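# Observations on the three-dimensional arrangement
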Amino acid sequence: MNIILFLITNSLKIFGLFWIAGGLFVCLEVLKSSRMDKYIKAIDFNHKPNYKEYIFSLAIGLLTLLSGVTLLVSQNIAILFLGLLIITQLMFFDFREKKFKASQTDSDKENYSISPQTYNAYLTSIYVTIFALIRYCLNIFVN
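In this report, we go over the structure that sits alongside the text. Keep in mind the model is a prediction, meaning the values are calculated, not measured.

### What about the overall build of the protein?
Along the backbone of the protein there are 5 helices and 0 strands. Taken from N to C terminus, the helices and strands of the protein fall in the order α-α-α-α-α. Counting only C-alpha atoms and orienting by the principal axes, one finds that the protein spans roughly 60 × 25 × 20 Å. Across the 143 residues that make up the protein, the buried fraction comes to 33%. Contacts in the protein between residues far apart in sequence, at least 24 positions, make up 75% of those at least 6 positions apart. Entry remark: accessible area of the protein is about 9,400 Å², with carbon and sulfur atoms responsible for 68%. One finds the centroid of the 13 positive side-chain charges in the protein at a distance of 9 Å from the centroid of its 9 negative side-chain charges.

### Some details on the pattern of salt bridges
Here the structure, examined in full by the defined rule, presents 4 salt bridges. Note that K32 and E29 form a salt bridge whose closest N and O atoms lie 3.1 Å from each other. One end of the pair, K32, and the other, E29, are both in helix α1 (residues 2-43), 3 residues apart, so they sit about a helical turn from each other.

### Focus: the packing of helix α3 (residues 78-102) against helix α5 (residues 116-142)
Taken N-terminus to C-terminus, the directions of α3 and α5 make an angle of 155 degrees; their axes are 9 Å apart at the nearest point. Judged on the interaxial angle alone, α5 and α3 are roughly antiparallel. For the crossing formed where α3 meets α5, the hand is left-handed. Side by side, α3 and α5 meet where I79, L82, L85, I86, Q89, L90, F92 and F93 of the first sit next to T118, Y119, A121, Y122, S125, I126, V128, T129, A132, L133 and Y136 of the second. Grouping the constituent residues of the contact of α3 with α5 by class yields 15 nonpolar, 4 polar and no charged.

### Considering the side chain of S125
Positionally, S125 belongs in helix α5. You can call S125 buried: its relative accessible area is 0%.

### Some words on unusual backbone geometry
Phi angles above zero are rare outside glycine, and S74 is one such case at about 55 degrees. Position of S74 relative to the elements: it lies in the loop between α2 (51-72) and α3.

Rules of the game
- Residues numbered from 1 in each chain as written.
- Predicted model: local features only at pLDDT ≥ 70, side-chain atom pairs only at ≥ 80, totals over all residues.
- Heavy atoms only, no water.
- Helix = DSSP H or I, 4+ residues; strand = E, 2+ residues; numbered from the N terminus.
- Buried < 20%, exposed > 50% of the residue type's maximum accessible area, 1.4 Å probe, protein only.
- Contact = heavy atoms within 4.5 Å.
- Areas by Shrake-Rupley, 256 points an atom, 1.4 Å probe, with all protein chains shown as cover.
- Lys, Arg positive; Asp, Glu negative; His and termini not counted.
- Charge placed at Lys NZ, Arg CZ, Asp CG, Glu CD.
- Salt bridge = Lys/Arg side-chain N within 4 Å of Asp/Glu carboxyl O.
- Axes fitted to C-alpha atoms, helices over the stretch in contact; angles between N-to-C directions.
- Parallel < 35°, antiparallel > 145°, perpendicular 65-115°, else oblique.
- Left-handed = near helix turned anticlockwise from the far one by under 90°.
- Nonpolar A, V, L, I, M, F, W, Y, C, P; charged D, E, K, R; others polar.

This is the structure:
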């Protein structure tokens, strides 16, 4: 039982490193996109930045970063951050679906469709949360 706990804990630590990098990447991309929108708005007064999209993306990036840090240091609070991440991702999907249905042009529909990478990140969040819960339960059982 200890070997399983050891393997899961170290796997989550390694995954935490990737999760930190992913969270930083998302946050930086949101900042770059929001800056680009400001430049576009300065040129095209009809351009309306999608601030809700930025808020969701930044929240997802920060929660990914926080969950990665807590996974790396093997804290049980990672389960809370992972849970919040999953809820935020579901809210983002709902937001995107409503925008997709309200879209009138193919370009807008393409912009509001959910990419396979985003959906895979959501599934990965679920799997990591399950493993973090297993580690938490095993830790209680072993100790």
